[in-house]
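Results of the structural survey
Below are the chains, spelled out letter by letter.
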Amino acid sequence: MQHDISQNTQGINAITKIRIIFSYHSLFRIKFCNFAVHFSIDTTNTKIPQAMISTLINHRTIRKYKSTPIAPELLTELLEASCRASNTGNMQTYSIIVSTDTEKKKALAPFHFNQAMTTQAPVVLTFCVDFNRFNQWCLLRKAEPGYGNFLSFSSGLIDTIIAAQNFCIAAESKGLGICYLGTTTYTADKIIEQLSLPNYVVPVTTITVGYADEEPAQEDRLPLEGIVHYESYKDYTAATIEKIYAEKEAIAKHKQFIAENSKETLAQVFTDIRYTKANNEHFSKVLLDVLKKQGFWD
Ligand SMILES: Cc1cc2nc3c(=O)[nH]c(=O)nc-3n(C[C@H](O)[C@H](O)[C@H](O)COP(=O)(O)O)c2cc1C
């Protein structure tokens, strides 16, 4: 369902805005839970500033790109926005490898199962969990790092993905298109070699970015009531599952997937074709071996 967002206006009234500006410096002394009361935000007005929301709501993955390059200053601005994301302890335990060179992108392509975006996009970014830099800083400063474990990888993974998504939103807000490549974790061992990643560095996602050369229809999403639980988790029943997935199952393209793959249901297209147990187990082993080799499984 498309939302008409163009009519919306700002949800904080003018007086409130002025109060916020004048009170900004005292904000840090105010308990966050008092925020709405203190600034008298009109919480009944759910209309909010639209530029960013509209970028988010209009998101589509872009898989075809024009050859137009991304200006270096714009790329730097997007990377700045990416690295401004919240992150665990402000340690910034990630690195971003930027590939713009045609030959370097070609070399990466097989590790992304030769998906055309890898060579067609002007910029390919490999986002890596990186404790190598932080460990080196600790050792240089007489501090003993204790990050060769799964918990550290996991916090690095969260931070890396948040930074990646910040990049995507920033890029889309500037009129660029992006595509994530999930193949990164499938072939992390090969990408490590290709990009000369040292111990404590693991590639976790790749983003292709460039100016769109297609206008894809927007993909479906599950209805919000199927995803959001208020106060506590409400487990699903067969009836609620039926309801939540009804719209997805009714989409003509999805019915076509079922027919083309000689399956009975859309769920079977996922379990038997797209994300199979055998593949999941195989690539889990690849990733676990990578974590061990790179030092995250002491
Ligand atoms: C972690 C992750 C990995 C993905 N990997 C791929 C990929 O390898 N190839 C691809 O074409 N799309 C990939 N996608 C894009 C998804 O297919 C896409 O986001 C999803 O179908 C919903 O479509 P939308 O982004 O246009 O709304 C990936 C997305 C995510 C978040």
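How each quantity is defined
- Residues numbered from 1 in each chain as written.
- Predicted model: local features only at pLDDT ≥ 70, side-chain atom pairs only at ≥ 80, totals over all residues.
- Helix = DSSP H or I, 4+ residues; strand = E, 2+ residues; numbered from the N terminus.
- Buried ≥ 20, exposed ≤ 12 C-beta atoms within 10 Å, placed from the backbone.
- Contact = placed C-beta atoms within 7 Å.
- Near = placed C-beta within 6 Å.
- Nonpolar A, V, L, I, M, F, W, Y, C, P; charged D, E, K, R; others polar.
- Core = buried A, V, L, I, M, F, W, Y, C linked by C-beta atoms within 7 Å.
- Pairing = 2+ DSSP bridges.
- Axes fitted to C-alpha atoms, helices over the stretch in contact; angles between N-to-C directions.
- pLDDT = per-residue confidence, 0-100.
- Expected span 1.5 Å × (residues − 1).
- Parallel < 35°, antiparallel > 145°, perpendicular 65-115°, else oblique.

1. Considering the overall build of the chain
For the chain, the count of helices and strands is 14 helices and four strands. Within the chain, the proportion of its 298 residues that are buried is 23%. Counting contacts in the chain only where the partners sit at least 6 residues apart, residues at least 24 apart contribute 79% of the total.

2. Re the site of the ligand
With respect to spatial proximity, the complete set of residues near the ligand consists of His59, Arg60, Thr61, Arg63, Gln115, Cys179, Tyr180, Leu181, Gly182, Thr183, Thr205 and Glu219. Per element, the largest residue contribution to the shell around the ligand is three residues, and it comes from strand E3 (residues 177–181). Partitioning the shell around the ligand into residue classes produces three nonpolar, six polar and three charged.

3. Things to note about the nonpolar core
Phe167, Val202 and Val209 are the most contacted members of the largest nonpolar core, which totals 43 residues. Going through the elements one at a time, helix H4 (72–83), strand E2 (123–130), helix H8 (150–173), E3, helix H10 (188–194) and strand E4 (201–210) are the ones with two or more residues in this core. Among the elements that make up this core, the one with the highest residue count is H8 (eight residues). Those residues in contact with Val209 that lie beyond four places of it in its chain are Ile70, Ala121, Val123, Leu125, Ala171, Leu176 and Ile178.

4. Looking at the environment of Thr55
Along the chain, Thr55 falls in helix H3 (residues 50–57). Sequence separation between Thr55 and Glu172 is 117 residues; the distance between their C-alpha atoms is 6.5 Å. With residues near it in sequence (within four places) discarded, Thr55 still touches Ile169, Glu172 and Ser173.

5. A look at the sheet that holds E3
Strand pairing within a sheet occurs via backbone hydrogen bonds; the two strands may be parallel or antiparallel. Read from one edge of the open sheet, four strands run E1-E2-E4-E3, paired in antiparallel fashion. Edge strands, defined here as strands with exactly one partner in the open sheet, are strand E1 (94–99) and E3. Across this sheet, the average inter-strand angle for adjacent strands is 25°, counted without regard to direction. For E3 and E4, the ladder comprises five bridges, and the chain directions are antiparallel. The residue bridging Leu181 from the neighbouring strand is Thr206, located in E4.

6. So, the pairing of E2
Among the eight residues that make up E2, eight are buried, leaving the element largely enclosed by the rest of the structure. Side chains Val123, Leu125, Phe127 and Val129 of E2 all project onto a buried face; the interleaved residues Val124, Thr126, Cys128 and Asp130 project onto the opposite face, where all are buried too. Where E2 and E4 come together, eight bridges link them in antiparallel fashion. Within the sheet, the bridge partner assigned to Cys128 lies in E4 and is Pro203.

7. Here we look at the confidence of the model for the chain
The share of residues in the chain with pLDDT of 70 or more is 84%, and the mean pLDDT across the chain is 88. When mean pLDDT is taken per element in the chain, E2 scores highest with 99 and helix H1 (residues 14–23) scores lowest with 32.

8. Brief notes about H4
Under the 1.5 Å per step criterion, the end-to-end length of H4 is 16 Å for 12 residues, consistent within 8% with the ideal 16 Å. Packing partners of the buried residues in H4 comprise E2 and H8.

9. Description of the packing of H3 against H8
For any two helices packed against each other, the geometry comes down to the angle between their axes and how far apart the axes lie. Packing of H3 against H8 brings their axes to within 9 Å, and their N-to-C directions diverge by 105°. Taken together, the axis directions place H3 and H8 in an arrangement best described as roughly perpendicular. Facing Met52, Thr55 and Leu56 of H3, the residues of H8 in contact are Ile169, Glu172 and Ser173.

10. Some remarks on the environment of Phe257
For Phe257, the position within the fold is in helix H12 (residues 252–260). Sequence-wise, Phe257 and Val269 are 12 residues apart; in three dimensions their C-alpha atoms are separated by 7.2 Å.

11. What about unusual backbone geometry?
Positive phi, close to 55°, is recorded for Ser196, a residue that is not glycine. Structurally, the position occupied by Ser196 is in the loop between H10 and E4. Not every positive phi belongs to a glycine, and Tyr200 is a case in point at roughly 70°. Mapped onto the secondary structure, Tyr200 falls in the loop between H10 and E4.

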